[in-house]
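A look at the structure
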Protein chains: 2
Amino acid sequence: MASARQVYIAVIGTGGVGKCFLSQLSALTKRRTSQKLVLCYISTSKKAIYNDDYAAIDIDNAVSALASSAQSPLALNNLVTYLAASGYKTVLVDNTSNQEIADSYPIFLERGISVVTPNKKAFSGSYKLWQDIFNASATSGARVYHESSVGAGLPVISTLNDLVETGDEVTKIEGVFSGTMSFLFNSFAPTSGSGGKWSAEVKKAKELGYTEPDPRDDLNGLDVARKLTILARLAGLPVESPTSFPVQSLIPKELESASSGDEFLAKLPEFDSQMEQVKAEAEKEGKVVRFVGSIDVGAKQVKVGLEKFDLSHPIAALKGSDNIISFYTKRYGSNPLIIQGAGAGGEVTAMGVTADLLKVLSQIY
Amino acid sequence: MASARQVYIAVIGTGGVGKCFLSQLSALTKRRTSQKLVLCYISTSKKAIYNDDYAAIDIDNAVSALASSAQSPLALNNLVTYLAASGYKTVLVDNTSNQEIADSYPIFLERGISVVTPNKKAFSGSYKLWQDIFNASATSGARVYHESSVGAGLPVISTLNDLVETGDEVTKIEGVFSGTMSFLFNSFAPTSGSGGKWSAEVKKAKELGYTEPDPRDDLNGLDVARKLTILARLAGLPVESPTSFPVQSLIPKELESASSGDEFLAKLPEFDSQMEQVKAEAEKEGKVVRFVGSIDVGAKQVKVGLEKFDLSHPIAALKGSDNIISFYTKRYGSNPLIIQGAGAGGEVTAMGVTADLLKVLSQIY
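Source: prediction; values computed, not measured.

Going through the model one piece at a time under the given rule, you end up with 3 cavities of 30 Å³ or more. By volume, the largest cavity is sized at about 90 Å³. As for the largest cavity, its lining consists of 13 residues, of which Asp162(A), Glu147(B), Gly153(B), Pro155(B) and Ala355(B) are closest to the centre. Mapped onto the lining of the largest cavity, the elements with two or more residues apiece are α8 (157–165) of chain A together with α15 (346–364) of chain B. Here the element with the most residues in the lining of the largest cavity is α15(B); it accounts for 5 residues. The residue makeup of the lining of the largest cavity, split by class, is 5 nonpolar, 4 polar and 4 charged. The computed volume of the second largest cavity comes to approximately 80 Å³. As for the second largest cavity, its lining consists of Glu147(A), Gly153(A), Pro155(A), Ser158(A), Met351(A), Gly352(A), Ala355(A), Asp356(A), Lys359(A), Thr159(B) and Asp162(B). Secondary-structure elements contributing two or more residues to the lining of the second largest cavity are α15 (346–364) of chain A together with α8 (157–165) of chain B. The element that contributes the greatest number of residues to the lining of the second largest cavity is α15(A), accounting for 5 residues. Across the lining of the second largest cavity, the residue classes tally to 3 nonpolar, 4 polar and 4 charged.

Structure representation (structure tokens):
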């Protein structure tokens, strides 16, 4: 039976993050007594489960039920209509990295459907989409949260929002925003020892599952540029797109057109001397090289690329595939507020989504 | 004129944190368009300003107006009645470290008055008070937030709550929780160079305003024990009080009864050899000594005191008077989620209070 404090939840995407989220959602529905959370729609790109009477879908068996479902996903505008007609508070959880779904957030928000997502595309696409999303939210009162779009579950976006909304002046944001790049440079140019050859480290990272299927999708810097776009906008800079500021690609020009990731990896050793030179130059200054993003708010400059750091700098001392994000602000002075830890992985990314959902739930009743 | 989305705010305390908070509140009232924030009560321990018709007090001139006010503070139960009778949503902001006010939070919360505060006393006192506070909040729906009770404006409590509420398993929390202790040990036992004599560093810290008027109030470890009590409880351990686990005091037994902070400081050099020995023992192992708090959730052990750390450990590498807090959890694995930065100071402490107020404002309508 429906109760006044019922919340309907629609979930799109059952990949690595999606599966972890469903497991966290299942536990949450059992713990939460103040509201009844009902999964009323779930879909992949090909299949879906939903009911005209919004009957609760068994969360624990949703993924296997989807595999044998005969229903196709609703078109996005029909999903909006379906949720808006429920008569209850509704939340869309988008666990994809799909641009089309991201583009549709404004029509969900306009109809009072809150959105939580780790999908970077909505917040790092065109500045007009960014404005449409937050204007729709402000007008309807529906909430939109995207903590996991930067640094996975690390409290990066909530912290930046708190700094800005309480009136602090953020002067600079700097950090390592890619788990892949973190792993590569912590191995290639460690603070002690000499590290491996660049191409060997890229190969190892791929074998360990730290890179995209084609490592060039990490090495082109676009993932980091998307995250910087989001943070810069939150800090008040109307950045037009992730390609509207300097982004250094680590793909040698000659290999940009390689026909596959495997061909790229096979030819990469020919370019090891270039990266070796970069490492040696840093060593000459007693430093190590890292792939970082930085935002100088006052100068309105955003950039992504290689930088040299003293061995004692927190960015140099990073371990494994950790992210680190430093906020320099007027209140915090010369020592920044620093957040550090795993910035990728299904469980921690889903945690950011679940925490966002909890925020929405605390606000919509 | 009153509107439906009006919120009445009562502020107690106009010390260092209180003044910074008022300045942030003033800016916030000008920026926030979705709700009208009305300061309807303000008090120090001796004076108050309030009006039977809840007329808005000019925030920018409140401190000087208080000095010439003829009104005395309301008794706490009368303040509850005053706020509850307003007919609007109300928030108590307690910017004191007063135990009596802390003890009264349950009667505010029971009547639907939300509470935000940096006051550690309520959350690190008896476990019964802790339970009364959160039970009252759960029953009435009034909110209670206290981010600045640990690490000032650093997102420590919100992060721990997110980890717990999304179902992560926190296994260990470890860190430097006192700006004073951080400054003392970063100077006394730096990772490079030899550092000063212990008594000289304590004297310097006092001169720079980093200690309480009587430095023994920092060196007894109770401030850190209070913070650990709060975090342990949030992590699920029903810690009875800040004196119910081992806390190492850095006050030599012979100086516990010194009649004043000045007498203590005058005699402290006689005990420098003890601390010198502690430092030398760590150095023999290639380590440095730091004053840390740790919570082992599985073993249900909380402790506060001196520990030795490798030079490359983030706790050893801390700078200035920064705090550092590491959360070890099942999801984050061997590399903890780390938060670092200034953990004391009026502006950053007030920022935590203002961010908490914003959370309440987003939830109560």
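Many authors give the size of an interface as the accessible area that is lost as the parts come together. All names here are of chain A. Segmentation of chain A into domains returns domain 1 (2–152 + 347–363) and domain 2 (156–343). The straight-line distance from the C-alpha centre of domain 1 to that of domain 2 is 30 Å. Facing 16 residues of domain 1, the contacting portion of domain 2 comprises 20 residues. When domain 1 packs against domain 2, close to 1,600 Å² is buried across both sides, 64% of that on carbon and sulfur atoms. Three residues, Ser-124, Tyr-127 and Val-150, lead the burial of domain 1 against domain 2; their summed loss comes to 37% of the area buried on that side. Counting the contacts that link domain 1 with domain 2 gives 1 salt bridge. Across the pair Lys-120 and Asp-223 runs a salt bridge whose closest N-O atoms are separated by 3.2 Å. Elements supplying a minimum of two residues to the side of domain 1 that touches domain 2: α6 (121–124), α7 (127–140) and α15.

Residue and element names in this part refer to chain A. Burial analysis of strand β7 (residues 170–176) places 5 of its 7 residues in the buried class, which makes it a mostly covered element. Bridge analysis of β7 against strand β10 (residues 322–329) gives 6 bridges, and the strand direction is antiparallel. By the bridge assignment for β10, Gly-175 is matched with Ile-325. In this structure, β7 lies alongside strand β8 (residues 287–296), joined through 4 bridges in antiparallel fashion. Each residue of the ladder has a partner; that of Ile-173, found in β8, is Ile-295.

Under the definition given, this model contains 28 aromatic pairs over all chains. Between Phe185(B) and Phe188(B) the ring centres are 6.2 Å apart and the planes differ by 85 degrees, which places this aromatic pair in the edge-to-face class. With Phe185(B) and Phe188(B) both in helix α9 (residues 179–188), this residue pair falls 3 residues apart, about one helical turn. Exposure remark for Phe188(B): the relative accessible area of 0% places this residue in the buried category. Aromatic ring contacts, followed pair by pair, group Tyr8(A), Tyr41(A), Tyr50(A), Tyr54(A), Tyr82(A) and Tyr88(A) into a single cluster. Note that Lys172(A) overlies the ring of Tyr328(A), its terminal NZ or CZ placed 4.9 Å from the centroid.

Another aspect to go through is the packing of α8(A) against helix α12 (residues 222–234) of chain A. When two helices pack together, their arrangement is given by the angle between the helix axes and the distance between those axes. Residue and element names in this part refer to chain A. Close contact between α8 and α12 brings their axes to 10 Å; oriented N to C, the two are set at 20 degrees. Between α8 and α12, the crossing angle belongs to the class labelled roughly parallel. Crossing angle aside, the handedness with which α8 passes α12 is right-handed. For the pair formed by α8 and α12, the contact residues are Ile-157, Leu-160, Asn-161 and Val-164 on the first element and Ile-230, Leu-231 and Leu-234 on the second. Tallied by class, residues from the contact of α8 with α12 come to 6 nonpolar, 1 polar and no charged.

All names here are of chain B. Within strand β1 (residues 6–12), 7 of the 7 residues are buried, which leaves it mostly tucked inside the rest of the structure. Going residue by residue along β1, you find Gln-6, Tyr-8, Ala-10 and Ile-12 tucked away on one face and Val-7, Ile-9 and Val-11 tucked away on the opposite face as well. Pairing geometry for β1 and strand β2 (residues 36–43), over 7 bridges, is parallel. Residue pairing in the sheet places Val-11 in a bridge with Ile-42 of β2.

Among the nonpolar cores identified, the biggest contains 175 residues, and Phe185(A) and Phe185(B) are the most heavily contacted of them. Apart from residues lying up to four places away in sequence, Phe185(B) is in contact with Pro190(B), Trp198(B), Leu250(B), Met275(B), Val289(B), Arg290(B), Phe291(B) and Leu306(B). If you look at the next biggest cluster of nonpolar residues, it comprises 27 residues, including Val17(A), Leu25(A), Ile49(A) and Ile59(A).

So, on to the relation of the copies chain A and chain B. Mapping chain A onto chain B calls for a screw motion: a turn of 180 degrees about the axis and a shift of 0.0 Å along it, with 0.0 Å RMSD after fitting. The superposition operator between the copies reduces to a two-fold rotation axis.

This part covers helix α12 (residues 222–234) of chain B. Residues and elements named next belong to chain B. With 13 residues, α12 ought to run about 18 Å at 1.5 Å a step, and its terminal C-alpha atoms sit 19 Å apart, in line with that. For α12, a buried count of 11 out of 13 residues is recorded, marking the element as mostly surrounded by other parts of the structure. Of all the residues in α12, the buried ones are Val-224, Ala-225, Arg-226, Lys-227, Leu-228, Thr-229, Ile-230, Leu-231, Ala-232, Arg-233 and Leu-234. Taken together, the buried residues of α12 touch α6 (121–124), α7 (127–140), α8, β7 (170–176), β8 (287–296) and β9 (301–310).

Moving on, we get to the interface of chain A and chain B. With 36 residues of chain A at the interface, the matching set in chain B holds 36 residues. A combined buried area of about 2,900 Å² lies between chain A and chain B, and 54% of that area is made up of carbon and sulfur atoms. The largest contributions to the chain A side of the interface with chain B come from Arg331(A), Tyr332(A) and Met351(A), which together make up 20% of the buried area. For the pair chain A and chain B, the number of links is 2 salt bridges. Its salt-bridge partner being Glu347(A), residue Arg331(B) comes within 3.5 Å of it at the nearest N-O pair. Where chain A meets chain B, there are 12 residue pairs in polar contact (both at pLDDT 80 or more). Counting residues per element, the side of chain A that touches chain B draws most heavily on α15(A), which supplies 8 residues. Broken down by class, the residue content of the side of chain A that touches chain B amounts to 15 nonpolar, 13 polar and 8 charged.

Parameters and conventions
- Residues numbered from 1 in each chain as written.
- Chains lettered and ligands numbered in written order.
- Predicted model: local features only at pLDDT ≥ 70, side-chain atom pairs only at ≥ 80, totals over all residues.
- Heavy atoms only, no water.
- 1 Å grid on protein atoms, 1.4 Å probe; cavity = no way out; pocket = protein on both sides within 12 Å on 5 of 7 lines; lining within 4 Å.
- Points joined across faces, edges and corners; volume = space filled by probe spheres on them.
- Helix = DSSP H or I, 4+ residues; strand = E, 2+ residues; numbered from the N terminus.
- Nonpolar A, V, L, I, M, F, W, Y, C, P; charged D, E, K, R; others polar.
- Domains from an automatic or database assignment.
- Contact = heavy atoms within 4.5 Å.
- Buried area = accessible area lost by both parts, 1.4 Å probe.
- Salt bridge = Lys/Arg side-chain N within 4 Å of Asp/Glu carboxyl O.
- Buried < 20%, exposed > 50% of the residue type's maximum accessible area, 1.4 Å probe, protein only.
- Pairing = 2+ DSSP bridges.
- Phe/Tyr/Trp six-rings, centres within 6.5 Å; stacked < 30°, edge-to-face > 60°.
- Lys NZ or Arg CZ within 6 Å of the ring centre and 35° of its normal.
- Axes fitted to C-alpha atoms, helices over the stretch in contact; angles between N-to-C directions.
- Parallel < 35°, antiparallel > 145°, perpendicular 65-115°, else oblique.
- Left-handed = near helix turned anticlockwise from the far one by under 90°.
- Core = buried A, V, L, I, M, F, W, Y, C linked by side-chain atoms within 4.5 Å.
- Least-squares fit on C-alpha atoms with pLDDT ≥ 70 in both.
- Expected span 1.5 Å × (residues − 1).
- Polar contact = N/O pair within 3.5 Å; in protein donor to acceptor, adjacent residues only side chain to side chain.

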